[in-house]
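These are the residues of each chain, in order.
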2 protein chains.
Amino acid sequence: METRELRYFVAVAEELHFGRAAQRLGIAQPPLSRAISQLERRLGAALLKRDSRSVTLTEAGAVLLHEGRAALDAVEAAEHRTRRAALAVTGRASVVLATKAGASSELLAKLLHAYATEPGSVDVDVALCGPGEQERLLRTGRADVAILHHPFDDLTGLDTEELLTEGQVAILPAGHPLTTRRSLQLSEVTELPDLPLPRWPGNDGTYPDGPGPEAQSHTQLFQLIALGRTLLVVPDSARSQLNDDLVAVPIVDAPEVTTVIAWPPHSRSRAVADLVRAALRL
Amino acid sequence: METRELRYFVAVAEELHFGRAAQRLGIAQPPLSRAISQLERRLGAALLKRDSRSVTLTEAGAVLLHEGRAALDAVEAAEHRTRRAALAVTGRASVVLATKAGASSELLAKLLHAYATEPGSVDVDVALCGPGEQERLLRTGRADVAILHHPFDDLTGLDTEELLTEGQVAILPAGHPLTTRRSLQLSEVTELPDLPLPRWPGNDGTYPDGPGPEAQSHTQLFQLIALGRTLLVVPDSARSQLNDDLVAVPIVDAPEVTTVIAWPPHSRSRAVADLVRAALRL
DNA sequence: ATGGGCGATACCCTCAAGGTATCGTCGCGC
DNA sequence: GCGCGACGATACCTTGAGGGTATCGCCCAT
C-alpha cells in the first residue's frame, strides 16, 4: 500500500464525500474514485458503502481509517526526524519539547533549568500547544518530547514517566458564593446555571454548542472568570498563576491529574533521554 | 514520502550495497540509485556516504532506517488489520494471539479457557513464535495480542498489562555437580566450560559464533541438556515441563522476568479488550 | 417530470518509474 | 604500473500508472 492511497482514503473517509475529498487533495474526483475502488479491490474488502445519496464507512473502512492515520503519522514522523537529524549535524542540535500553553509552567521552568545545567545539553525549543495538539506533534515527529496530562491526553503508544500527581481545583471569580467553601464536589460546579463551563474550539476550529462562553486562550479565559462569566476546573498547580480577582477551591472528588513526560517509542535521542532523566530527578 | 521510497531506502540501508538491494527489491540497480538520490534531494539530507568501495549510513540515514522501519510496519499493520476486519464480517471473527513457543504454557492454557467461557468470545488463533518474532507480528498487524516477557522482549510502543513476575532457574542435566546446590549465582552458570550456553538462530536465520550447540526448538534443547551438552536459564514456571532427566536450580541474582500481555496501541478490538481483562482476572 | 447532486465510466495524455547500455572511479592482483 | 573487475552514477529509451475532461446513470427533491 502506498502512502498516497492511504492519504486518499483518509481524506474520503473523513469527508464522506468524494467531491470534497478530491478538492481537499487537489485532484479531480474521477481519479480519486478510481484510486479508492482499486484499493478496495487490492485489499479484497469493501471500505465504503456508496448509498447513492451518502457515503458511509464499513467496519473494515473504520479500521483502515484509524490504522491508516497512525501509519501516515509514522511516515511523517520518519520524514521530520530525518530532516532534524540532518540539521543537527550541520550546526546546532536541538530538541523540541511540546507542552500545553499555560500548564505546568513552574515544573517546566525547573525542568529546563535542570537540563540546561547538565553537561552535553542542547537547545530546547519549547512548542506551546493548544489542547490535544502536543500529542499530534509527538506522533508526527515535529516534537521530540512532551509534557502531557493523564487522563486528559491519550498516552497509548507513547513511552512515559510520571512526574507529578495532583488534585484539581475550581477557579472561581472572587466574591462568588462558593468561594467561601473550603472544598467542593465536582457535581456542585459542573452544572452551575450562572457559571457555565467554557467551550474550546475542537480540532476543526469550530466550537461545540452550549451555554458557556467561547475561549481561545488561557489569559482570555481567566479574564472571563474574573468577569463572572464562567469557571474552570484545573490541576492544583495552576493556582500559582492566579491574581486577586480569582479564587481556587479544591474539588475533592475530581479525578487526579498526573503530569507525565512522554516521548515516542524507539527514541534514540541522547537529548531526550537526558531530558527525561532530568525530569525524574526533580 | 511514498512507502516505495521507504522500502527502497531500507533495503539499501540494510544491505549497504546498491546491487544486492536492487536484486532483493526485484528491480535494476540504476533506478534504485536514482530513487535514493531523489529521496536525499527531497529530504535535503545526505542519507548514505558512498565511499567508492563501500556504502555507509550517515547520522540522518540511521534515523531514517529506524523510523522508516517503524513506518513500514505501521502501513503493513493497517493493511493486515483491514483485511482481517473485512473477514470478520463475512464469517467467523477471530483474534490472533502470539506467544513464544514453549513459554508460559500453563498461563496460556488458563487464559484461553477463561476467555473461551466468557460471553461473546471469539475464536483465538494461537501463533507459536520463535524468539522476538511475536513482537514483529504485533507491530505488523498479523497478531492482535501477544504474551511477552520483560526484559527479553522490547515493549516500547506497545500497551501492556503485567500478569506474573517470577525468578529464573537454571535447567541442568540430572547428575550434574551443580544440581546438588539449593541455589546458584548467575556467574556460576554463564561461563561453565563443560556446559556452554546454546546458540539461537538470529532473525536472518544464521547462528552467532560460539562454543554452544545450535538449537532450533525447545524439545531439542531439553534433549541437549539431558545429554549434558548445554544448560538453560529460564523463568521459574518452565519447571512444569521438566522430566526426570532435568533438574531446575534457582538463580538468586538473575533478573526477574515479568510475563505481560501486550497489544498494539489504539486497538479498538472488543476481543482484545476481553482477552486482556480475562488475563488480569487470572 | 425534471433538474441537480454525486459517484462511476470512458477516453486521452503526460510523466515518473523502470529497463539497458555505458561511463568514471577506485582497489587489487599480476 | 597497468589492466581488470566491482560498483555506483549517468544517459537515454519505453511503458503504464495516475491524472484530467467529458459524460453517464442513479436517485432525491421540488
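Residues numbered from 1 in each chain as written. Chains lettered and ligands numbered in written order. Predicted model: local features only at pLDDT ≥ 70, side-chain atom pairs only at ≥ 80, totals over all residues. Heavy atoms only, no water.

- By the naming in an unreviewed UniProt entry, chain A is LysR family transcriptional regulator, taken from Micromonospora arida.
- Per UniProt, chain A carries the Sequence similarities (unreviewed entry) text "Belongs to the LysR transcriptional regulatory family." (UniProt positions renumbered as here; feature names shortened; annotations may be inferred.)

## Focus: the packing of helix H4 (residues 59-89) of chain A against helix H4 (residues 59-89) of chain B
- Relative to each other, H4(A) and H4(B) sit at 180 degrees, their axes nearing to 8 Å. As summarised for this structure, H4(A) and H4(B) are arranged roughly antiparallel, according to the angle between their axes.
- Across the contact of H4(A) with H4(B), the residue classes tally to 22 nonpolar, four polar and six charged. (Axes fitted to C-alpha atoms, helices over the stretch in contact; angles between N-to-C directions. Helix = DSSP H or I, 4+ residues; strand = E, 2+ residues; numbered from the N terminus. Parallel < 35°, antiparallel > 145°, perpendicular 65-115°, else oblique. Nonpolar A, V, L, I, M, F, W, Y, C, P; charged D, E, K, R; others polar.)

## Quick look at the domain arrangement of chain A
- What the domain assignment lists for chain A is domain 1 (3-74), domain 2 (92-163 + 257-281) and domain 3 (168-251).
- Between the C-alpha centres of domain 1 of chain A and domain 3 of chain A the distance comes to 41 Å. (Domains from an automatic or database assignment.)

## Details of the relation of the copies chain B and chain A
- Rotating chain B by 180 degrees and translating it 0.0 Å along the rotation axis places it on chain A, where the RMSD comes to 0.1 Å. What we have between these two chains is a two-fold relation. No C-alpha of chain B approaches the rotation axis more nearly than that of B:Gly157, which lies at 2.3 Å.
- Mapped onto chain A, 100% of the interface residues of chain B again fall at the interface, so both copies present the same surface. (Least-squares fit on C-alpha atoms with pLDDT ≥ 70 in both. Contact = heavy atoms within 4.5 Å.)

## Points about the pattern of salt bridges
All names here are of chain A.
- This structure, assessed with the given rule, holds 38 salt bridges over all chains.
- Ionic pairing is found between glutamate 5 and arginine 42, a salt bridge with its closest N-O pair at 2.2 Å. With glutamate 5 in helix H1 (residues 3-15) and arginine 42 in helix H3 (residues 29-43), this residue pair connects regions lying 37 residues apart in the sequence.
- The class of glutamate 5 is buried, set by a relative accessible area of 7%.
- Connected through salt bridges with shared partners, the residues Glu14, Glu15, Arg20, Arg24 and Arg69 form a single ionic network. (Salt bridge = Lys/Arg side-chain N within 4 Å of Asp/Glu carboxyl O. Buried < 20%, exposed > 50% of the residue type's maximum accessible area, 1.4 Å probe, protein only.)

## Quick notes on the UniProt feature "domain: HTH lysR-type" (unreviewed entry) in chain A
- Under the UniProt annotation, "domain: HTH lysR-type" (unreviewed entry) lies at residues 1-58 of chain A.
- Helix makes up 62% of residues 1-58 of chain A and strand makes up 10%, while its end C-alpha atoms are separated by 19 Å.

## Thoughts on the sheet that holds strand E3 (residues 94-100) of chain A
Residues and elements named next belong to chain A.
- The strand order across the open sheet formed by five strands is E4-E3-E5-E10-E6, and the pairing between neighbours is mixed. The open sheet terminates on both sides in strands that have one partner only, identified here as strand E4 (123-129) and strand E6 (159-166). Looking at each pair of strands side by side, their axes are set apart by 25 degrees on average, direction ignored. (Pairing = 2+ DSSP bridges.)

## Remarks on unusual backbone geometry
All names here are of chain A.
- The residue after histidine 150, namely proline 151, is reached through a cis peptide bond having omega 0 degrees.
- Within the chain, leucine 16 stands out as a residue other than glycine whose phi angle is a positive 55 degrees.
- Checked against the element boundaries, leucine 16 lands in the loop between H1 and helix H2 (18-25).
- Here histidine 266, not a glycine, exhibits a phi torsion of approximately 65 degrees, which is positive.
- Residue position: histidine 266 is located in the loop between strand E10 (257-263) and helix H9 (270-281).

## Section: the interface of chain B and chain A
- The interface of chain B with chain A comprises 37 residues on the first partner and 37 residues on the second.
- Between chain B and chain A lies a buried interface of about 3,100 Å² when both sides are counted; carbon and sulfur atoms form 62% of it.
- The tally of links from chain B across to chain A stands at four salt bridges.
- The salt bridge involving A:Arg7 is made with B:Glu2; its shortest N-O contact spans 2.8 Å.
- The tally of links between chain B and chain A comes to 18 residue pairs in polar contact (both at pLDDT 80 or more).
- Of all the secondary structure elements, the ones that give two or more residues to the side of chain B that touches chain A are helix H1 (3-15), helix H3 (29-43) and H4 of chain B.
- Ranked by the residues each element gives to the side of chain B that touches chain A, the list is headed by H4(B), at 19 residues.
- Broken down by class, the residue content of the side of chain B that touches chain A amounts to 17 nonpolar, seven polar and 13 charged. (Buried area = accessible area lost by both parts, 1.4 Å probe. Polar contact = N/O pair within 3.5 Å; in protein donor to acceptor, adjacent residues only side chain to side chain.)

## Section: the protein's contact with DNA strand C
- Around DNA strand C, the structure places 20 residues, and the nearest of them are A:Ser33, A:Arg50, B:Tyr8, B:Ala28 and B:Arg34.
- In the interface set of DNA strand C, defined as its atoms within 4 Å of the protein, sugar plus phosphate atoms amount to 62%.
- Between DNA strand C and A:Gly19 there is a distance of 3.3 Å, counted from a phosphate oxygen to a backbone nitrogen or oxygen.
- At a separation of 2.7 Å, a base nitrogen of DNA strand C approaches a polar side-chain atom of B:Arg34.
- Elements represented by at least two residues in the surface near DNA strand C include exactly H2 and H3 of chain A together with H1 and H3 of chain B.
- Here the surface near DNA strand C gets four residues from one element, more than from any other, and that element is H3(B). (Near = heavy atom within 4 Å.)

## Overview of the protein's contact with DNA strand D
- Taken together, 20 residues sit near DNA strand D, with A:Arg4, A:Ala28, A:Arg34, B:Ser33 and B:Arg50 positioned nearest.
- Of what DNA strand D places within 4 Å of the protein, 63% of the atoms are sugar or phosphate.
- One of the backbone nitrogen or oxygen atoms of B:Gly19 is found 3.3 Å away from a phosphate oxygen of DNA strand D.
- For DNA strand D, a phosphate oxygen lies 2.8 Å from a polar atom in the side chain of B:Ser33.

## Some details on the pairing of strand E7 (residues 168-173) of chain B
All names here are of chain B.
- Counting buried residues along E7, six of its six residues qualify, which places the element largely inside the surrounding structure.
- Of the two faces of E7, both are covered, the one formed by Gln168, Ala170 and Leu172 as well as the one formed by Val169, Ile171 and Pro173.
- Sheet analysis places E7 next to strand E8 (residues 232-235), joined by four bridges and oriented antiparallel. When the sheet's bridge partners are listed, valine 169 is paired in E8 with valine 234.
- Sheet analysis places E7 next to strand E9 (residues 246-251), joined by six bridges and oriented antiparallel. Looking at the pairing, leucine 172 lines up with valine 247 of E9.

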